[in-house]
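Residues per chain are reported as follows:
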Amino acid sequence: MINSYYGNKTILITGATSGIGRELALRLSGNNCTLLLLGRREERLNELSKALAARNCRVFTYKCDVSVKREVEAVYTQMKRDAGFIDIAVLNAGVSFRMLSSGDNVTMGEQTFGINFFGAVYFIAELLKDYVPAKKGMIAGVSSLAETRGFPGSGYYCASKAAFSIYLESLRVEHKKHGIKVLTIKPGFVVSEMTDKNEFTMPFLMKTGKAVDIIYRGIAKEKNIIQFPLRLVALIKILKFIPPFLFDILGNIKEFEKQKNMRGAE
Ligand SMILES: NC(=O)c1ccc[n+]([C@@H]2O[C@H](COP(=O)([O-])OP(=O)(O)OC[C@H]3O[C@@H](n4cnc5c(N)ncnc54)[C@H](OP(=O)(O)O)[C@@H]3O)[C@@H](O)[C@H]2O)c1
């Protein structure tokens, strides 16, 4: 039932060269669908394309930096030439920079928003030009449970994901009448190149395959919000409502631990 949902669909995945995006491409590849896979690292795209060659799917790969609007516009035109209408767009490309202070490096802030927020917005602007007249299409944006509060040392990342989640919510309401589905995916900690760099303890860290199973099922069920793992979702719900003074105390304990680890690693 779930596998047949994907049959004959054309599915775009940005950030397909590693982690969640790559695993999702592998998971989708048995379903007789067309995969449009995008990232900046060409050798990784070629390697993935080879890995998928024997599977039951058509694969196109695209080297593109999603933070550059003209690259996104050009690649979208090429995708339509190659595969026609995109049924599902999984906007997953993202970065997280390791910082001692969220005020340290404004360029990192610009890059974080350029990729995590505008990198998706540029695609959505192109997709809507086709989705609105067609009265169909799905946008699945990969945000994060980190959207909930301003976690110390992750100011740019949390802010970019909060902005993305809020933006997706507006889109969902606005475009329901056009038959367009907008899903927000909010993972907790998942094993990937992004989390491999973290030097702090990641509660309820989930294997990539397990996280992708949840995403895979959630998209097929067209769930508005796909969030996991449940224990972290519950914890985050509590964190969301604790008063600022208590958040500051907890944040300072965690921050002390993190800075100690980061300084030790330098
Ligand atoms: N892992 C977690 O714990 C976790 C938790 C919550 C949310 N997320 C979100 O999940 C998404 C996937 O992350 P991941 O954990 O799988 O990390 P990852 O393994 O580092 O993958 C990130 C992907 O984004 C691509 N990317 C980064 N900058 C790009 C750019 N400018 N243009 C095009 N592609 C770009 C990377 O490809 P190239 O380097 O080849 O361009 C890579 O394929 C991200 O949005 C992340 O914020 C992850």
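Shown above is the structure to which this text applies.
Note that the structure is predicted; figures quoted are calculated from it, not measured. (Residues numbered from 1 in each chain as written. Predicted model: local features only at pLDDT ≥ 70, side-chain atom pairs only at ≥ 80, totals over all residues. Heavy atoms only, no water.)

Brief notes about the pairing of strand E7 (residues 225–228)
Our working definition: Note on exposure labels: buried denotes an accessible area under 20% of the residue type's maximum, exposed denotes more than 50%, and partly exposed covers the range between, all computed with a 1.4 Å probe on protein chains only. Runs of H or I in DSSP of at least four residues are treated as helices and runs of E of at least two as strands, each being numbered from the N terminus. Two strands are said to pair when DSSP picks up at least two bridges between them.
Across the two faces of E7 the burial differs, with Ile-226 and Phe-228 buried and Ile-225 and Gln-227 not buried at all. Summarising the sheet, strand E6 (residues 181–187) and E7 pair through 4 bridges and their orientation is parallel. Looking at E7, one finds that Thr-184 is bridged to Ile-225.

A short note on the nonpolar core
The test is simple: By nonpolar core is meant a set of buried Ala, Val, Leu, Ile, Met, Phe, Trp, Tyr and Cys residues that side-chain atoms within 4.5 Å join together. In this description, contact between two residues means that some pair of their heavy atoms is separated by no more than 4.5 Å.
Core analysis: the biggest nonpolar cluster contains 35 residues, and Tyr-6 and Ile-219 have the highest contact counts within it. For this core, the element with the most residues is helix H8 (residues 208–220), which contributes 6 residues. Residues contacting Ile-219, with those up to four places away along its chain left out, are Tyr-5, Tyr-6, Ile-88, Val-90, Met-138, Ala-140, Leu-183, Ile-185 and Ile-226. Leu-38, Leu-128, Phe-164 and Val-182 belong to the second-largest nonpolar core, a separate cluster that totals 32 residues.

Let's talk about the packing of aromatic side chains
Basically, it comes down to this: Between rings of Phe, Tyr and Trp, where Trp is taken as its six-membered ring, a pair exists when centres lie within 6.5 Å; planes separated by under 30 degrees are stacked, by over 60 edge-to-face, and by other angles tilted. For a lysine, the NZ atom is tested; for an arginine, the CZ atom; a charge sits over a ring if that atom is within 6 Å of the ring centre and within 35 degrees of the ring normal.
One pass over the structure, following the stated rule, counts 9 aromatic pairs. A centroid spacing of 5.2 Å and a plane angle of 90° characterise the contact between Tyr-5 and Tyr-6, whose relative ring orientation is edge-to-face. Both residues of the pair, Tyr-5 and Tyr-6, count as buried. Chaining the aromatic ring pairs together yields one cluster made of Phe-113, Phe-117, Phe-118, Tyr-122 and Tyr-167. The aromatic ring of Tyr-5 is capped on one face by Lys-9, whose charged end is 4.2 Å from the ring centroid.

Observations regarding a nonpolar patch on the surface
Basically, it comes down to this: Here a patch means residues that are over 30% exposed by relative accessible area and free of salt bridges, tied together within 9 Å if like-charged and within 5 Å if nonpolar (Val, Leu, Ile, Met, Phe, Trp, Tyr). Only the protein chains shown count as covering a residue, and every accessible area follows the Shrake-Rupley method with a 1.4 Å probe. Take a side-chain nitrogen of Lys or Arg and a carboxyl oxygen of Asp or Glu: if they are within 4 Å of each other, that pair is a salt bridge.
Residues Phe-245, Leu-246, Ile-249, Leu-250 and Ile-253 make up a contiguous nonpolar surface patch of roughly 480 Å² in combined accessible area. With respect to the helices, strands and loops of the structure, Leu-250 is situated in helix H10 (residues 244–265).

Some thoughts on the site of the ligand
What counts, and what does not: We call a residue near a given molecule or strand whenever any one of its heavy atoms falls within 4 Å of it. In protein, a polar contact requires one atom able to donate a hydrogen and another able to accept it; more generally it is a pair of N or O atoms within 3.5 Å, and residues adjacent in sequence count only if both atoms are side-chain atoms.
By nearness alone, 30 residues border the ligand, and Thr-17, Arg-40, Tyr-157, Val-190 and Ser-192 come closest of all. Within the backbone of Val-66, a nitrogen or oxygen atom sits 3.0 Å from a nitrogen atom of the ligand. The contact in question runs from an oxygen atom of the ligand to an N or O atom on the backbone of Val-190, over 2.7 Å. Surface burial for the ligand is 96%, taken as the share of its 870 Å² of free accessible area covered by protein chains.

Re the sheet that holds strand E1 (residues 10–14)
By way of backbone hydrogen bonds, the strands of a sheet pair with one another, either parallel or antiparallel. Put simply, the rule reads: Interaxial angles span 0 to 180 degrees and are taken between N-to-C directions of axes, which are lines fitted to C-alpha atoms, for helices over the stretch in contact.
Read from one edge of the open sheet, 7 strands run E3-E2-E1-E4-E5-E6-E7, paired in parallel fashion. At either end of the open sheet lies a strand with only one pairing partner, and these are strand E3 (57–63) and E7. Averaged over all pairs of adjacent strands, the angle between strand axes in this sheet comes to 15°, irrespective of strand direction. One ladder, built from 4 bridges, connects strand E4 (residues 88–91) with strand E5 (residues 138–142); its direction is parallel. Looking across to E5, one finds that Leu-91 is bridged to Gly-141. Against the sheet, helix H3 (residues 42–52) contacts strand E2 (33–39) and E3, and its axis sits at roughly 175° relative to E3. Running at roughly 155° to E6, helix H6 (residues 155–175) makes contact with E4, E5, E6 and E7 of the sheet.

Some thoughts on empty space enclosed by the protein
The criterion, for reference: Cavities and pockets were defined on a 1 Å grid built over protein atoms only: a cavity is a set of grid points that admits a 1.4 Å probe from which the probe cannot escape, a pocket is an open set flanked by protein on both sides within 12 Å along at least five of seven lines, and lining residues are those with an atom within 4 Å of any such point. Grid points are joined across faces, edges and corners, and a volume is the space filled by probe spheres set on the points. When residues are sorted by character, Ala, Val, Leu, Ile, Met, Phe, Trp, Tyr, Cys and Pro go into the nonpolar class, Asp, Glu, Lys and Arg into the charged class, and all the rest, Gly among them, into the polar class.
Using the criterion set out here, one finds 1 cavity of 30 Å³ or more in the structure. Counted as a void, the largest cavity has a volume near 40 Å³. Taken together, Thr-14, Val-66, Leu-91, Ala-93, Ile-115, Asn-116, Gly-119, Ala-120, Phe-123 and Phe-164 make up the full set of residues lining the largest cavity. Tallying contributions element by element places helix H5 (residues 106–134) first for the lining of the largest cavity, with 5 residues. Tallied by class, residues from the lining of the largest cavity come to 7 nonpolar, 3 polar and no charged.

Quick notes on the side chain of Thr-184
Here Thr-184 is to be found in strand E6. Overall, Thr-184 belongs to the buried group, its relative accessible area being 2%. For Thr-184, the residues in contact, after removing those within four places along its chain, are Gly-141, Ser-143, Ser-165, Leu-168, Arg-172, Asn-224, Ile-225 and Ile-226.

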